[in-house]
There are 2 protein chains.
Amino acid sequence: MGEKYVELWKSLGLDLKKHGQLMEALPKFVVDLVFSQKNRPKKMDYFDFVLSEIHGLRVEELAKLRAAGNKVVGAFCLYAPEELAYAANATMVGLCGGADFSVPDAEKVLPQNLCPLIKSFYGFKVGLTCPYFQSCDMVVGETTCDGKKKVYELLNEEIPTYIMEIPHKPDSAQGRKLWLKELEMFKAELERVTGNNITAEKLKASIDLINNKRKALKRLSDLRKNSPTPISGLDALIVMQISFYDDVKRLTAKVNELCDELEERVRKGEGVAEKNAPRLMVSGCPMAIPNWKLHSIVETSGASIVAEESCTGTRYFSDLVETKGETVDDLLLALVEKYAKIPCACFTPNDARIKSVEKLAKEFNVNGVIYYTLQYCHSYNVESVKVGRALKSADLPMLKIETDYGSGDSGQIKTRVEAFLEIIKGKQ
Amino acid sequence: MGEKYVELWKSLGLDLKKHGQLMEALPKFVVDLVFSQKNRPKKMDYFDFVLSEIHGLRVEELAKLRAAGNKVVGAFCLYAPEELAYAANATMVGLCGGADFSVPDAEKVLPQNLCPLIKSFYGFKVGLTCPYFQSCDMVVGETTCDGKKKVYELLNEEIPTYIMEIPHKPDSAQGRKLWLKELEMFKAELERVTGNNITAEKLKASIDLINNKRKALKRLSDLRKNSPTPISGLDALIVMQISFYDDVKRLTAKVNELCDELEERVRKGEGVAEKNAPRLMVSGCPMAIPNWKLHSIVETSGASIVAEESCTGTRYFSDLVETKGETVDDLLLALVEKYAKIPCACFTPNDARIKSVEKLAKEFNVNGVIYYTLQYCHSYNVESVKVGRALKSADLPMLKIETDYGSGDSGQIKTRVEAFLEIIKGKQ
């Protein structure tokens, strides 16, 4: 990929030498973890291609969009209202934040004992190794956690970073009012940056666009309820991860094509795992690309991951935005309602998440849950207490894994996962 | 103290055996760190007495207040609006959260890698070793940080814990509106719990009460601008810590008496340190009683701490509440304005704090700053980057200390402090 895009990368101001090291390491990583899986759906070809072009083709597309006068907005959170961005003819992309590679660059400034996702994204920006960051006209941040909130202040020194305040009491009327105002202000900021007015018609169209993407991802997720599951957890996670930065219409079509194939598999009773393979749900922190560590360990240990209760999972596609309204104000209120339903651990209390975990565990007929928390993520870490209790009441075993992006603890995690699977098999 | 209060402690449901261990350890700790200081003001006698009665006399007073039908509200944060509590005839007390003693009880439930203050307070409650917790009718919590926010949910299972949402964008109009609504709702909750109406007259009186306390503490703080400083940093910190749970009127009078003595010292040119002792400011996280580790290490190494830019310092008393208003609504708006001025690291961006650090460093004529962060406190930890830059511009050396409540790192901290003082002396 290197030769072809070097001029593009240069034009974006990447540190070519450092970025080259990253590009060298990635293909082997993909082959070892992703391509080595057995019995993969054919329609994963497209997503494999996207992975192989991870810093290439899509970055080139963004460059073309920008050359045509469109803007690119980077984001890290489901609360970043992509519907508004697309209504202003902007494109929203999830930014790099899933690799250990950039952490040393971050730790020149940030404390070591901070969430790996935060260190990773800050390191990608200051180390000039993420072409998506370099393609952005602005970043939209939020106040979902202390770490991101404070690091966005430093990120703002590198790239304009607009902050939206997220209310933390989920059912408060004053919180809804604040969030509506935040949406109105972000709308105005997008109109300023893009020079385009956000009309009711355009907003409705972009809500439809994103709803269709959410529907396709939900369709994929629902197919994993079958036993055997027709797709590995790792492949489903990759599709989800790619959905945050790929072209929305193409991605939606490709996910639906994949689902067509998976439906056929289901009809034939075919799947990716042994018939009695334990079915697990992962619940907790998001997994940014290429954070495949846990999925890879679990699925090479004989279990299937059939659901991710996370921001790179069910939280993204469980709810759609209502499109009944006729005015921008109506549609903004619909956005308020939709976003308030995302059960982020930034909420207090976050009863909706506890209920969601219980419900998903039943719907996906799982034998156990792996509670996944990134190191130093207090919100998800502490919330494991309540989730653990709920699962205990439902007689479902839970294994809590707290980890970073390094491979140093992979052996230890594998040992713990294997022991957990023994417990589950004992109960089956 | 044990014999005298054992019946009281029993009636409060304390774990007498475990609490006895705490009470045994404390006197030696006080003698070693506090009483060993040289040239202490005579009027510290009162505060020494309060320390010696830490779980006794004041707890007895609270029991008497409750027997007379008054309510006690526990709190952990400057954002807990004590003016409203007193206007409802309730008493507000800062709760236990400064000792390593209770951390093992917390870690039975909470993750290890969480802020020591949070683990300490939760451990004091679940371990039944804090008589103040046991004297509370309710706790008022807030959304200032992820750790507290999520642990309050668990605390609520032990004692009714009311949560106030703190807006995180300091200058936003929608944030002010949200905070006003939160104050109105907390007022209603206090009225419900106490059965007392909060009238404009009562609210005005309680604003005056607390303003007078803030004024006395500010007067004490201002006296430390003198060289030599007339009081050790440790003693000033102890006064501050006691101010969070002592009777407000008595405390105010005693602080003013202490200030009278210190003014006399200043007139005579007397102080507690050598004439050329480096003057340091501590900036960062609060220090709950009996967290005296850093002050003790610094001041036994030949320097004076002359200011604490923290919630157990300048942030508490720098601003007063305006009492111009005539209605409850007017006064609530005055509270909104006052509280919005507390430069907590939960704010983004928190420019007011950076400016405050610069201003205080000048006013107190310090030779350097110790940036103090509790372990795993992302907000203060990351904000050290901006504070550090500002101090560098002002040519002031800064030493960052990140620590917990254990004594394991005391030797290492002492070595680092001594090296820091060498640098400062080299510049003097």
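What you see is a predicted model, and the numbers here were worked out from it, not measured in a lab. (Residues numbered from 1 in each chain as written. Chains lettered and ligands numbered in written order. Predicted model: local features only at pLDDT ≥ 70, side-chain atom pairs only at ≥ 80, totals over all residues. Heavy atoms only, no water.)

*Asks:* It is not clear to me how the interface of chain B and chain A should be interpreted in this structure. Could you clarify?
*Replies:* The accessible area lost on association of the parts is a frequent measure of interface size. Taken together, the contacts link 45 residues of chain B with 45 residues of chain A. A combined buried area of about 3,900 Å² lies between chain B and chain A, and 53% of that area is made up of carbon and sulfur atoms. At the junction of chain B with chain A, the criterion picks out 8 salt bridges. Between K150(A) and E383(B) there is a salt bridge whose closest N-O contact spans 2.4 Å. (Contact = heavy atoms within 4.5 Å. Buried area = accessible area lost by both parts, 1.4 Å probe. Salt bridge = Lys/Arg side-chain N within 4 Å of Asp/Glu carboxyl O.)

*Asks:* Help me out: how do you make sense of the state of the cysteines in this one?
*Replies:* In a disulfide, the sulfur atoms of two cysteines are covalently bonded to one another. Applying the stated criterion across every chain, the model contains 2 disulfides over all chains. In this model C96(A) forms its disulfide with C130(A); the gap between the sulfur atoms is 2.3 Å. With the S-S bond torsion at 75°, the cross-link from C96(A) to C130(A) turns out right-handed. Taken together, the residues span a long stretch of sequence, with C96(A) in the loop between β2 (91–94) and α6 (103–106) and C130(A) in the loop between α7 (116–126) and α8 (131–134) at a distance of 34 residues. Exposure remark for C96(A): the relative accessible area of 11% places this residue in the buried category. Its sulfur unpaired, C115(A) is 6.2 Å from the next cysteine sulfur, which belongs to C377(A). Considering cysteine sulfurs only, C346(B) is the nearest to C344(B), which forms no disulfide, with 3.4 Å between them. Residue C344(B) is classed as buried on the basis of its relative accessible area, which comes to 10%. (Disulfide = S-S within 2.5 Å. Helix = DSSP H or I, 4+ residues; strand = E, 2+ residues; numbered from the N terminus. Buried < 20%, exposed > 50% of the residue type's maximum accessible area, 1.4 Å probe, protein only.)

*Asks:* Where do I start with the packing of aromatic side chains in this structure?
*Replies:* To describe a pair of aromatic rings, one takes the distance between the centres and the angle between the planes. Residue and element names in this part refer to chain B. A complete count under the given rule lists 29 aromatic pairs over all chains for this structure. Ring centres of Y5 and W9 lie 6.2 Å apart, and the angle between their planes is 35°; this geometry places the pair in the tilted category. One end of the pair is Y5 and the other is W9, both in helix α1 (residues 2–11) and 4 residues apart, which spans about a single turn. W9 shares its class with Y5; the two are buried. Ring geometry for F29 against W292: centres 5.7 Å apart, planes inclined by 15°, an arrangement best described as stacked. (Phe/Tyr/Trp six-rings, centres within 6.5 Å; stacked < 30°, edge-to-face > 60°.)

*Asks:* Before we go on, may I ask you to explain the environment of D32(B) in this structure?
*Replies:* All names here are of chain B. Position of D32 among the secondary structure elements: in helix α2 (residues 16–35). Judged by relative accessible area, which is 38%, D32 ranks as partly exposed. Separated by 264 residues in the primary sequence, D32 and S296 place their C-alpha atoms 9.7 Å from one another.

*Asks:* Would you take a moment to explain the sheet that holds strand β4 (residues 161–164) of chain B for this structure?
*Replies:* As a general point, the strands of a sheet are linked pairwise by backbone hydrogen bonds and lie either parallel or antiparallel. Residue and element names in this part refer to chain B. Reading across from one edge, β2-β1-β3-β4 is the order of the 4 strands in this open sheet, with parallel pairing throughout. Strands with a single pairing partner mark the edges of an open sheet, and in this sheet they are β2 (91–94) and β4. Across the sheet, the mean angle from the axis of one strand to that of its neighbour is 30°, orientation sign disregarded. Looking at chain direction, strand β1 (residues 72–75) and strand β3 (residues 138–142) are connected through 3 bridges and run parallel. When the bridges of β3 are listed, V73 appears paired with M138. Strands in contact with helix α9 (residues 146–155) are β3 and β4; relative to β3, the strand with the most contacts, it is inclined by about 155°. Running at roughly 160° to β4, helix α10 (residues 173–194) makes contact with β1, β3 and β4 of the sheet. (Pairing = 2+ DSSP bridges. Axes fitted to C-alpha atoms, helices over the stretch in contact; angles between N-to-C directions.)

*Asks:* Quick question: what am I supposed to make of the relation of the copies chain B and chain A here?
*Replies:* Here two copies of a chain appear, and what relates them is a rotation about an axis with a shift along it. The transform that puts chain B on chain A rotates by 180° and translates by 0.0 Å along the axis, for an RMSD of 0.0 Å. Accordingly, the operation relating the two chain copies is best matched by a two-fold axis. A symmetric contact is evident, with 100% of the interface residues of chain B recurring at the interface of chain A. (Least-squares fit on C-alpha atoms with pLDDT ≥ 70 in both.)

*Asks:* Honestly, the pattern of salt bridges in this entry has me stumped. Any pointers?
*Replies:* It is possible for side chains bearing opposite charge to pair when their charged atoms get close. Counted according to the given criterion, the structure contains 87 salt bridges over all chains. Of the charged contacts in the structure, one is a salt bridge between D246(B) and R250(B), with a shortest N-O distance of 2.7 Å. Exposure remark for D246(B): the relative accessible area of 3% places this residue in the buried category. Look at the salt bridges and you will find they share partners, linking K150(A), E153(A), E309(B), R315(B), R353(B), E383(B) and K386(B) into a network.

*Asks:* When you look at unusual backbone geometry in this model, what are you seeing that I'm missing?
*Replies:* Phi is mostly negative for residues that are not glycine, and the peptide bonds are mostly trans. The linkage connecting I289(A) with the following residue, P290(A), adopts the cis geometry, with an omega of 0°. Secondary-structure assignment places P290(A) in the loop between β5 (279–284) and α14 (293–299). P228(B) follows S227(B) through a cis peptide bond whose omega is -5°. Within the secondary structure layout, P228(B) lies in the loop between α11 (200–223) and α12 (233–242). Phi at Y376(A) takes a positive value of approximately 70°, unusual for a residue other than glycine. The residue Y376(A) is located in the loop between β7 (368–374) and α18 (378–393) in this model. Although it is not a glycine, D395(B) adopts a positive phi angle of roughly 60°. Looking at where D395(B) falls in the secondary structure, it is placed in the loop between α18 (378–393) and β8 (398–403).

*Asks:* Mind showing me how you'd approach the confidence of the model for chain A here?
*Replies:* Where the model shows low pLDDT, its predicted coordinates should not be examined in detail. When the pLDDT values of chain A are averaged, the result is 97; 100% of them are 70 or greater. This complex was scored by the predictor with a pTM of 0.97 and an ipTM of 0.97. (pLDDT = per-residue confidence, 0-100.)

*Asks:* How do you make sense of the sheet that holds strand β3 (residues 138–142) of chain A when you look at a structure like this?
*Replies:* Residues and elements named next belong to chain A. Strand order in the open sheet formed by 4 strands is β2-β1-β3-β4, and the pairing between neighbours is parallel. Strands with a single pairing partner mark the edges of an open sheet, and in this sheet they are β2 and β4 (161–164). Neighbour-to-neighbour, the strand axes of this sheet turn through a mean angle of 30°, independent of strand direction. One ladder, built from 4 bridges, connects strand β1 (residues 72–75) with β2; its direction is parallel. What sits directly across from A75, in β2, is G94. Sitting on the sheet, helix α4 (residues 57–67) is in contact with β1 and β2, with an inclination near 150° to β2. Running over the sheet, helix α9 (residues 146–155) touches β3 and β4 and is turned about 155° from β3.

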